[in-house]
Amino acid sequence: MILSLAAVVVTAVWFSERPGSVLIEWEGWLIQLSVGRFVLTAAVLLIASVFLLGLMGAVGKAPKKLREWRQSSRRERGYKALTNGMVAVAAGDPEEANRQARRANILLKEPPLTMLLSAQAAQLNGDEEAAARYFEEMLGRPETAFLGVRGLLIKAQKENNRQAALLYAERAYELQPKTAWVLNTMFDLQIAEGRWRAALATLDEADKRGAVGAASAQKRRAVVLLGCSEEADTAGDLSNALKFARRANTLAPDFLPAVLRIIDIMIRMGKARPASRFIQNAWARTPHPALASSYGEIGDGGNDALRRVKRLEKLLSFNPDHPESHIALAKAALQAKLWGEARKHLESAAGEDPSARVCRMMAELEERSGGNSENVRSWLIRASDAPPDAAWVCADCGAAWDEWTATCGSCDAFGSLAWEPPAHARALSLQVPDKEPSSLLLDDEISKGYESEIVDADVAENSKA
Ligand SMILES: [Zn+2]
């Protein structure tokens, strides 16, 4: 500024020191100016025209600039509405979520961004149908397909529509095969639907991708293989049913349900000898009443009560001190009406604190052998107060069951039931579920009752995917 001012001053001085005049003749006009004035006028005209041109340019560009400014401000407000809407969803404010969703929709005109918010706002308002429409729409766009299928899957689970949920889970798996929750959800649904072979494939995949811990996968696999055995059994394929059960047994030798299933299938296939050997081995490790029941039935034991007693005497020799051996023999003796034999073994099984089952068998013995009714009554009263017997106890919730199932009927935990001895069951302060107990705990029929687990998902995180 100072430099240009100095230049002007120097120029003015230079011209004033060198006087002269400029003559302009134009259209009959004659203008005579001193050199100094001429230079000044020319400079003023030049500056004025530069300023004017600049002004005209700026005015010409103004509409475009204005448009750009309005667009960016609109987008900014749209994003703000989107953010506020997400916050409202998280805070559970349906009206605000709805308002912001509509606002974002109008301002942004980018459906992939706003559809999720609209769907969530509709869900908060309890309008599941509208939410489903948004999710379906999202399903049609590659960038939002996964979010759409996830929304529909969660909705199907909430409605307890397992078949639909499984279809959506399979679709989600096609889209994102590496996602842990997809694999785990699909696995749970396949189990609930009794699709064991599919569940086995999913488990292998989940194991490979690290979606489930190695130890947990191993434990689950044995239970799933048992399910596959059941599936083959239902289809009348006993040979494959046995193969699957054997695989489960190889994987987890102490998994008693697999042992029981192998024996059951072997007997049905007429493989009496290997079945007997299998039971003898199992009896030495875990004497379960169902093993004794099967052992007694093999050969003519099913029809001949005395022969059954003989067979169970042999079984006792594989675990002679275990109360369960004596209970098994007492039961056979009761059926054969060998009252003295039955009493002897019941007393051996009873010890100092007989379990409820032993007390009930004592009552039965007194009644059938013609003992006095006072004795019968006293044993029954004692049974109601006696320590509980061994049972299938859920490691997760402690519920005890007469029969093994793959899923706990109380807490839905998968593969959580284990055969627990009485003391352990007592320590867990046994809570016996509301159902009629089978009096002698000899029923090894496997019942099913699976329920899906609702996966509560947080979808907001992937909104910009
Ligand atoms: Zn449970």
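These figures come from a predicted structure and were not determined experimentally.

Caption draft 1: Quick look at the pairing of strand β1 (residues 21-26). For β1, the tally of buried residues reaches only zero of six residues, placing the bulk of the element at the surface. Where β1 folds back onto strand β2 (residues 29-34) in an antiparallel hairpin, the turn is made up of two residues, including E27, whose phi is positive at roughly 55 degrees.

Caption draft 2: Region of the structure containing unusual backbone geometry. The phi torsion at E27 lies on the positive side, around 55 degrees, for a residue other than glycine. As for its placement among the helices and strands, E27 is situated in the loop between β1 and β2. Of the residues examined, E27 reaches a relative accessible area of 69% and is grouped as exposed. Of note, D412 is a non-glycine position whose phi angle comes to about 70 degrees, a positive value.

Caption draft 3: Quick look at helix α6 (residues 145-158). Across its 14 residues, α6 extends 20 Å between first and last C-alpha, which sits within 8% of the 20 Å expected from 1.5 Å per residue. Phi turns positive, to about 60 degrees, at N160, one or two residues after α6.

Caption draft 4: Inspection of the pattern of salt bridges at higher detail. Counted under the stated rule, the structure contains 17 salt bridges. For D207, the salt bridge is made with R221, and the minimal N-O distance between the two is 3.3 Å. On the criterion of sequence distance, the pair formed by D207 in helix α9 (residues 196-208) and R221 in helix α10 (residues 214-234) is long-range, its members being 14 residues apart. Residue D207 is classed as partly exposed on the basis of its relative accessible area, which comes to 27%. Here D233 ties to R261 by a salt bridge, and the two come within 3.3 Å at their closest N and O atoms. Of the two residues, D233 is situated in helix α10 and R261 in helix α12 (residues 256-268); the sequence distance between them amounts to 28 residues. With respect to class, D233 is no different from R261; both count as buried.

Cut-offs applied
- Per chain, the residues get numbers from 1 upward, laid out in the order the sequence is written.
- Selection of residues for local features in this predicted model requires a pLDDT of at least 70, selection of side-chain atom pairs for listing and counting requires 80 or more, and totals for whole chains, interfaces and linings are taken over all residues.
- The side-chain values count all of the structure's non-hydrogen atoms but skip hydrogen atoms and water molecules.
- Relative accessibility decides the category of a residue: with a 1.4 Å probe and only protein chains considered, values under 20% of the type maximum give buried, values over 50% give exposed, and everything between is partly exposed.
- Numbering goes from the N terminus for both helices and strands, where a helix is a DSSP run of H or I of at least four residues and a strand is a run of E of at least two.
- Strand pairing is defined by DSSP finding a minimum of two bridges between the two strands.
- Take the number of residues in a helix, subtract one, and multiply by 1.5 Å to get its expected span.
- Throughout this description, the term salt bridge denotes a Lys or Arg side-chain nitrogen within 4 Å of a carboxyl oxygen of Asp or Glu.

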